[in-house]
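# Examining the three-dimensional arrangement
Here's the letter readout for the chains.
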Amino acid sequence: MSPLDSVLASIPSGHPDEALARQINFERLPAHVAIIMDGNGRWAAQRHLPRVEGHRAGIDAVRDTVETAARLGIDVLTLYAFSLENWKRPAAEVSTLMLLLKRYLRSELQTLLTNNIQFRVIGRMEELAPDIQDELRTAIDRTVKNTGMLFNIALNYGGRAEIVDAARRAIESGVRPQDLDEARFAGFLYTAGQPDPDLLIRTSGEMRVSNYLLWQIAYAEIYVTETLWPDFRRRHLFEAVLAYQKRERRYGGINPVPAVIGAQ
Ligand code: IPE
Ligand code: IPE
Ligand code: MG
(Lines give C-alpha, C1' and ligand atoms only; values in the text may rest on other atoms or scores of the structure.)
(Ligands and ions follow the chains in the order given, each with its own letter.)
Protein backbone atom coordinates (compact mmCIF):
# COMPACT_ATOMS: atom_id res chain seq x y z
CA MET A 1 0.00 0.00 0.00
CA SER A 2 1.36 3.45 -0.87
CA PRO A 3 1.75 5.93 2.03
CA LEU A 4 -1.15 7.99 0.65
CA ASP A 5 -3.39 4.91 0.54
CA SER A 6 -2.29 3.95 4.03
CA VAL A 7 -3.12 7.44 5.31
CA LEU A 8 -6.45 7.52 3.46
CA ALA A 9 -7.38 4.10 4.81
CA SER A 10 -7.30 5.55 8.32
CA ILE A 11 -9.55 8.54 7.48
CA PRO A 12 -13.32 8.11 7.16
CA SER A 13 -14.24 9.09 3.60
CA GLY A 14 -15.49 12.64 3.22
CA HIS A 15 -13.71 13.70 6.43
CA PRO A 16 -11.94 17.09 6.00
CA ASP A 17 -8.56 15.48 6.81
CA GLU A 18 -8.77 13.59 3.52
CA ALA A 19 -8.38 16.77 1.45
CA LEU A 20 -5.38 17.78 3.56
CA ALA A 21 -3.75 14.37 3.15
CA ARG A 22 -4.14 14.61 -0.62
CA GLN A 23 -2.18 17.86 -0.67
CA ILE A 24 0.91 16.24 0.84
CA ASN A 25 3.81 15.60 -1.52
CA PHE A 26 5.06 12.17 -0.49
CA GLU A 27 8.28 12.69 -2.46
CA ARG A 28 9.22 15.58 -0.18
CA LEU A 29 8.45 14.35 3.30
CA PRO A 30 10.66 15.37 6.20
CA ALA A 31 12.81 12.31 6.97
CA HIS A 32 12.87 13.20 10.67
CA VAL A 33 10.17 15.07 12.58
CA ALA A 34 10.96 16.18 16.15
CA ILE A 35 8.22 17.48 18.43
CA ILE A 36 8.28 19.50 21.65
CA MET A 37 5.00 18.40 23.18
CA ASP A 38 4.05 21.47 25.21
CA GLY A 39 0.95 22.98 26.76
CA ASN A 40 -0.48 20.11 28.81
CA GLY A 41 -0.61 22.25 31.95
CA ARG A 42 -2.38 25.11 30.18
CA TRP A 43 -4.86 22.69 28.60
CA ALA A 44 -5.76 21.46 32.09
CA ALA A 45 -5.86 24.98 33.56
CA GLN A 46 -8.35 26.08 30.88
CA ARG A 47 -10.64 23.33 32.14
CA HIS A 48 -9.99 24.03 35.83
CA LEU A 49 -8.38 20.61 36.14
CA PRO A 50 -5.12 19.64 37.85
CA ARG A 51 -2.04 19.78 35.58
CA VAL A 52 -1.71 16.00 35.50
CA GLU A 53 -5.05 15.75 33.68
CA GLY A 54 -3.37 17.60 30.83
CA HIS A 55 -0.62 14.98 30.75
CA ARG A 56 -3.21 12.22 30.79
CA ALA A 57 -5.04 13.81 27.86
CA GLY A 58 -1.70 14.26 26.07
CA ILE A 59 -1.38 10.49 25.70
CA ASP A 60 -4.14 10.46 23.06
CA ALA A 61 -2.17 13.03 21.07
CA VAL A 62 0.94 10.84 21.30
CA ARG A 63 -0.99 7.80 20.05
CA ASP A 64 -2.50 9.71 17.14
CA THR A 65 0.80 11.34 16.17
CA VAL A 66 2.84 8.12 16.25
CA GLU A 67 0.32 6.29 14.12
CA THR A 68 -0.11 9.13 11.63
CA ALA A 69 3.64 9.65 11.25
CA ALA A 70 4.15 5.92 10.64
CA ARG A 71 1.38 5.83 8.02
CA LEU A 72 2.79 8.90 6.29
CA GLY A 73 6.11 7.12 5.91
CA ILE A 74 8.18 9.42 8.13
CA ASP A 75 11.53 7.67 8.84
CA VAL A 76 12.15 9.07 12.32
CA LEU A 77 9.83 10.66 14.88
CA THR A 78 11.31 12.07 18.10
CA LEU A 79 9.00 13.19 20.91
CA TYR A 80 10.24 15.25 23.86
CA ALA A 81 8.58 13.66 26.87
CA PHE A 82 10.71 14.69 29.85
CA SER A 83 13.66 17.05 30.03
CA LEU A 84 16.50 17.02 32.56
CA GLU A 85 15.08 20.32 33.76
CA ASN A 86 11.60 18.84 34.32
CA TRP A 87 12.84 17.36 37.63
CA LYS A 88 12.26 20.88 39.01
CA ARG A 89 8.51 20.18 38.93
CA PRO A 90 6.56 18.99 41.99
CA ALA A 91 7.36 15.36 42.85
CA ALA A 92 3.71 14.33 42.42
CA GLU A 93 3.64 15.68 38.86
CA VAL A 94 6.91 13.91 38.01
CA SER A 95 5.69 10.60 39.36
CA THR A 96 2.42 10.89 37.45
CA LEU A 97 4.35 11.56 34.25
CA MET A 98 6.44 8.43 34.86
CA LEU A 99 3.33 6.38 35.64
CA LEU A 100 1.64 7.58 32.45
CA LEU A 101 4.74 6.67 30.47
CA LYS A 102 4.70 3.18 31.91
CA ARG A 103 1.02 2.73 31.10
CA TYR A 104 1.50 4.09 27.61
CA LEU A 105 4.28 1.59 26.91
CA ARG A 106 2.21 -1.30 28.20
CA SER A 107 -0.89 -0.40 26.23
CA GLU A 108 0.86 0.63 23.01
CA LEU A 109 3.54 -2.00 22.59
CA GLN A 110 1.23 -4.13 20.48
CA THR A 111 0.43 -1.14 18.22
CA LEU A 112 4.15 -0.46 17.79
CA LEU A 113 4.68 -4.09 16.79
CA THR A 114 1.70 -4.14 14.41
CA ASN A 115 2.93 -0.99 12.71
CA ASN A 116 6.55 -2.24 12.42
CA ILE A 117 7.76 0.71 14.56
CA GLN A 118 11.14 0.57 16.27
CA PHE A 119 11.18 2.20 19.70
CA ARG A 120 14.25 3.86 21.23
CA VAL A 121 15.04 6.16 24.12
CA ILE A 122 17.35 9.16 23.95
CA GLY A 123 18.50 10.71 27.22
CA ARG A 124 20.05 9.59 30.48
CA MET A 125 17.88 6.50 30.81
CA GLU A 126 20.15 4.99 33.49
CA GLU A 127 19.06 7.72 35.93
CA LEU A 128 15.38 6.74 35.76
CA ALA A 129 13.69 4.48 38.34
CA PRO A 130 14.42 0.76 37.79
CA ASP A 131 10.77 -0.12 37.04
CA ILE A 132 10.62 2.56 34.33
CA GLN A 133 13.91 1.37 32.88
CA ASP A 134 12.55 -2.21 32.76
CA GLU A 135 9.44 -1.10 30.91
CA LEU A 136 11.50 0.93 28.44
CA ARG A 137 13.97 -1.91 27.94
CA THR A 138 11.11 -4.30 27.14
CA ALA A 139 9.71 -1.94 24.48
CA ILE A 140 13.19 -1.36 23.01
CA ASP A 141 14.06 -5.06 22.91
CA ARG A 142 10.70 -6.22 21.57
CA THR A 143 10.77 -3.72 18.68
CA VAL A 144 14.48 -3.88 17.86
CA LYS A 145 13.97 -5.89 14.68
CA ASN A 146 11.21 -3.65 13.32
CA THR A 147 12.16 -1.97 10.07
CA GLY A 148 9.51 0.76 9.80
CA MET A 149 9.50 4.14 11.49
CA LEU A 150 12.02 4.79 14.22
CA PHE A 151 10.26 6.33 17.22
CA ASN A 152 12.63 8.02 19.67
CA ILE A 153 11.34 9.21 22.98
CA ALA A 154 13.48 11.91 24.61
CA LEU A 155 13.38 11.10 28.32
CA ASN A 156 15.52 12.64 31.02
CA TYR A 157 16.95 14.39 28.00
CA GLY A 158 18.99 17.59 27.71
CA GLY A 159 20.65 18.83 24.55
CA ARG A 160 23.73 20.15 26.32
CA ALA A 161 24.00 16.98 28.41
CA GLU A 162 23.88 14.95 25.19
CA ILE A 163 26.79 16.94 23.77
CA VAL A 164 28.76 16.46 27.01
CA ASP A 165 27.98 12.72 26.96
CA ALA A 166 29.13 12.57 23.33
CA ALA A 167 32.37 14.37 24.18
CA ARG A 168 33.00 11.89 26.98
CA ARG A 169 32.38 8.95 24.66
CA ALA A 170 34.62 10.46 22.02
CA ILE A 171 37.45 10.77 24.56
CA GLU A 172 36.87 7.22 25.83
CA SER A 173 36.96 5.89 22.27
CA GLY A 174 40.50 7.18 21.94
CA VAL A 175 39.74 9.09 18.73
CA ARG A 176 42.65 11.43 17.93
CA PRO A 177 41.69 15.15 18.12
CA GLN A 178 42.80 15.74 14.53
CA ASP A 179 40.45 12.95 13.38
CA LEU A 180 37.40 14.42 15.11
CA ASP A 181 35.10 16.26 12.70
CA GLU A 182 31.36 16.99 12.71
CA ALA A 183 30.34 13.68 11.13
CA ARG A 184 32.51 11.69 13.51
CA PHE A 185 31.25 13.64 16.52
CA ALA A 186 27.61 13.09 15.49
CA GLY A 187 28.35 9.38 15.72
CA PHE A 188 28.79 9.75 19.49
CA LEU A 189 25.40 11.44 20.01
CA TYR A 190 22.34 9.52 21.21
CA THR A 191 20.98 9.85 17.66
CA ALA A 192 24.03 8.30 15.97
CA GLY A 193 23.18 7.07 12.50
CA GLN A 194 19.87 8.94 12.29
CA PRO A 195 19.15 11.84 9.93
CA ASP A 196 18.92 15.26 11.60
CA PRO A 197 15.38 16.59 12.13
CA ASP A 198 14.08 18.38 9.04
CA LEU A 199 11.03 19.65 10.86
CA LEU A 200 10.84 20.74 14.50
CA ILE A 201 7.29 21.24 15.78
CA ARG A 202 6.46 22.98 19.05
CA THR A 203 2.92 23.14 20.35
CA SER A 204 1.33 25.80 22.56
CA GLY A 205 2.97 28.79 20.92
CA GLU A 206 6.27 29.04 22.80
CA MET A 207 9.13 30.35 20.66
CA ARG A 208 12.02 28.49 22.27
CA VAL A 209 13.90 25.23 21.91
CA SER A 210 14.15 24.36 25.63
CA ASN A 211 17.42 22.40 25.35
CA TYR A 212 16.07 20.03 22.69
CA LEU A 213 18.33 18.34 20.14
CA LEU A 214 20.64 21.35 20.09
CA TRP A 215 23.24 19.78 17.81
CA GLN A 216 20.75 18.10 15.47
CA ILE A 217 18.41 21.06 14.79
CA ALA A 218 21.16 23.17 13.20
CA TYR A 219 19.15 23.43 9.95
CA ALA A 220 15.72 22.18 11.00
CA GLU A 221 12.65 24.08 9.83
CA ILE A 222 10.79 25.31 12.89
CA TYR A 223 7.00 25.20 13.06
CA VAL A 224 5.20 26.57 16.09
CA THR A 225 1.47 26.05 16.52
CA GLU A 226 -0.82 27.60 19.10
CA THR A 227 -2.55 24.23 19.49
CA LEU A 228 -1.96 22.79 22.95
CA TRP A 229 -0.44 19.31 22.94
CA PRO A 230 -3.53 17.41 24.20
CA ASP A 231 -5.48 18.84 21.22
CA PHE A 232 -2.81 17.89 18.64
CA ARG A 233 -4.15 15.35 16.13
CA ARG A 234 -3.52 13.91 12.63
CA ARG A 235 -4.75 17.13 11.03
CA HIS A 236 -2.19 19.23 12.88
CA LEU A 237 0.63 16.95 11.76
CA PHE A 238 -0.61 17.23 8.15
CA GLU A 239 -0.68 21.02 8.49
CA ALA A 240 2.88 21.08 9.84
CA VAL A 241 4.13 18.86 7.00
CA LEU A 242 2.34 21.03 4.43
CA ALA A 243 3.88 24.18 5.91
CA TYR A 244 7.30 22.48 5.83
CA GLN A 245 6.82 21.62 2.16
CA LYS A 246 6.35 25.31 1.36
CA ARG A 247 9.65 26.27 2.97
CA GLU A 248 12.79 27.03 1.01
CA ARG A 249 15.82 25.40 2.60
CA ARG A 250 19.16 26.94 1.72
CA TYR A 251 21.74 25.65 4.20
CA GLY A 252 23.66 28.91 3.97
CA GLY A 253 23.70 29.04 0.17
CA ILE A 254 21.67 31.28 -2.09
CA ASN A 255 19.58 28.65 -3.84
CA PRO A 256 16.93 26.35 -2.44
CA VAL A 257 18.20 22.82 -1.83
CA PRO A 258 15.73 20.10 -2.87
CA ALA A 259 14.62 17.60 -0.23
CA VAL A 260 16.70 14.44 -0.15
CA ILE A 261 14.35 11.55 -0.79
CA GLY A 262 14.81 8.62 1.56
CA ALA A 263 17.54 10.43 3.46
CA GLN A 264 18.00 7.66 6.03
C1 IPE B 1 4.40 19.56 28.32
O2 IPE B 1 3.39 20.30 28.91
C3 IPE B 1 4.64 18.24 29.03
C4 IPE B 1 5.95 18.13 29.66
C5 IPE B 1 6.85 19.06 29.76
C6 IPE B 1 6.23 16.84 30.25
P7 IPE B 1 3.66 21.25 30.15
O8 IPE B 1 3.47 20.46 31.40
O9 IPE B 1 4.99 21.91 30.03
O10 IPE B 1 2.49 22.29 29.98
P11 IPE B 1 2.54 23.87 30.19
O12 IPE B 1 3.69 24.39 29.39
O13 IPE B 1 2.73 24.10 31.65
O14 IPE B 1 1.22 24.34 29.69
C1 IPE C 1 9.92 21.25 27.10
O2 IPE C 1 8.80 21.81 27.66
C3 IPE C 1 10.12 19.85 27.65
C4 IPE C 1 9.19 18.86 27.16
C5 IPE C 1 8.26 19.04 26.28
C6 IPE C 1 9.37 17.54 27.71
P7 IPE C 1 8.86 22.70 28.99
O8 IPE C 1 7.48 23.10 29.28
O9 IPE C 1 9.59 21.95 30.05
O10 IPE C 1 9.76 23.93 28.53
P11 IPE C 1 9.90 25.39 29.15
O12 IPE C 1 10.21 25.21 30.61
O13 IPE C 1 8.61 26.07 28.96
O14 IPE C 1 11.01 26.03 28.37
MG1 MG D 1 5.58 23.65 29.16
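Attention here is on the structure that accompanies the text. (Residues numbered from 1 in each chain as written. Chains lettered and ligands numbered in written order. Predicted model: local features only at pLDDT ≥ 70, side-chain atom pairs only at ≥ 80, totals over all residues. Heavy atoms only, no water.)

## Structural notes on the pairing of strand β4 (residues 150-157)
The buried fraction of β4 amounts to eight of the eight residues, a majority that puts the element mostly inside the structure. Summarising the sheet, strand β3 (residues 118-122) and β4 pair through five bridges and their orientation is parallel. Within β4, the residue paired with R120 across the bridge is N152. Taken together, β3, helix α6 (residues 130-143) and β4 constitute a β-α-β crossover, and its handedness is left-handed. (Buried < 20%, exposed > 50% of the residue type's maximum accessible area, 1.4 Å probe, protein only. Helix = DSSP H or I, 4+ residues; strand = E, 2+ residues; numbered from the N terminus. Pairing = 2+ DSSP bridges. Right-handed = clockwise from strand over helix to strand, strands pointing away.)

## Observations regarding the site of ligand 1
Around ligand 1 lies a shell formed by M37, D38, G39, N40, G41, R42, R51, H55, A81, N86, R89 and L97. Contact between ligand 1 and N40: an oxygen atom at 3.1 Å from a main-chain N or O atom of the residue. Separating an oxygen atom of ligand 1 from a side-chain N or O atom of R51 is a distance of 2.8 Å. Of all the secondary-structure elements, those providing two or more residues to the shell around ligand 1 are α3 (40-46) and α4 (51-72). Among the elements that make up the shell around ligand 1, the one with the highest residue count is α3 (three residues). Class assignment for the residues of the shell around ligand 1 results in three nonpolar, five polar and four charged. (Near = heavy atom within 4 Å. Polar contact = N/O pair within 3.5 Å; in protein donor to acceptor, adjacent residues only side chain to side chain. Nonpolar A, V, L, I, M, F, W, Y, C, P; charged D, E, K, R; others polar.)

## Here we look at the side chain of R234
Within the fold, R234 resides in helix α9 (residues 234-245). The exposure class of R234 is buried, given its relative accessible area of 16%. For R234, the contacting residues outside a window of four places in its chain are S10, I11, P12, H15, D17, D64 and T68. (Contact = heavy atoms within 4.5 Å.)

## Some details on the site of ligand 2
Near ligand 2 the following residues occur: I36, M37, D38, Y80, A81, F82, S83, N86, R89, R202, R208 and S210. Starting from 390 Å² of accessible surface for ligand 2 in isolation, the protein chains cover 78%. When residues of the shell around ligand 2 are assigned to their parent elements, the largest contribution, four residues, is made by strand β2 (residues 76-83). Among the residues forming the shell around ligand 2, the class breakdown is five nonpolar, three polar and four charged. (Areas by Shrake-Rupley, 256 points an atom, 1.4 Å probe, with all protein chains shown as cover.)

## With respect to the sheet that holds β2
Judged by pairing direction, the sheet is parallel, and its six strands sit side by side in the order β3-β4-β2-β1-β5-β6 without closing on themselves. A single partner strand is all that each edge strand has here, and the edge strands are β3 and β6 (221-224). Ignoring strand direction, the axes of neighbouring strands in this sheet form an average angle of 20°. Sheet strands in contact with α9 are β5 (199-202) and β6, and its direction is about 135° off that of β5. (Axes fitted to C-alpha atoms, helices over the stretch in contact; angles between N-to-C directions.)

## Some remarks on the nonpolar core
Of all hydrophobic cores here, the largest spans 53 residues; its most connected members are V66, L77, F119, L136, F151 and I201. Per-element accounting of this core gives the leading share, nine residues, to helix α5 (residues 91-114). With near-sequence residues (within four places) excluded, F151 lies in contact with V66, L77, L79, Y104, L112, I117, Q118, F119 and R120. (Core = buried A, V, L, I, M, F, W, Y, C linked by side-chain atoms within 4.5 Å.)

## Let's talk about helix α2 (residues 16-23)
For α2, every residue scored as buried is listed here: D17, E18, L20 and A21. Along the long axis of α2, the arc covered by the buried residues comes to 165°, so they all point the same way. Residues of α2 that are exposed and angled more than 90 degrees away from the buried face: P16, R22 and Q23. (Arc of directions from axis to C-beta.)

## Description of the packing of α5 against α6
Look at α5 against α6: their axes get within 10 Å of each other, and the N-to-C directions meet at 15°. One finds that α5 runs roughly parallel with respect to α6. Crossing of α5 over α6 shows left-handed handedness. Where α5 approaches α6, its residues M98, L101, K102, L105, R106, L109, L112 and L113 are matched on the opposing element by D131, I132, E135, L136, T138, A139, R142 and T143. The residue makeup of the contact of α5 with α6, split by class, is nine nonpolar, two polar and five charged. (Parallel < 35°, antiparallel > 145°, perpendicular 65-115°, else oblique. Left-handed = near helix turned anticlockwise from the far one by under 90°.)

So yeah, pure geometry; function would need other evidence.
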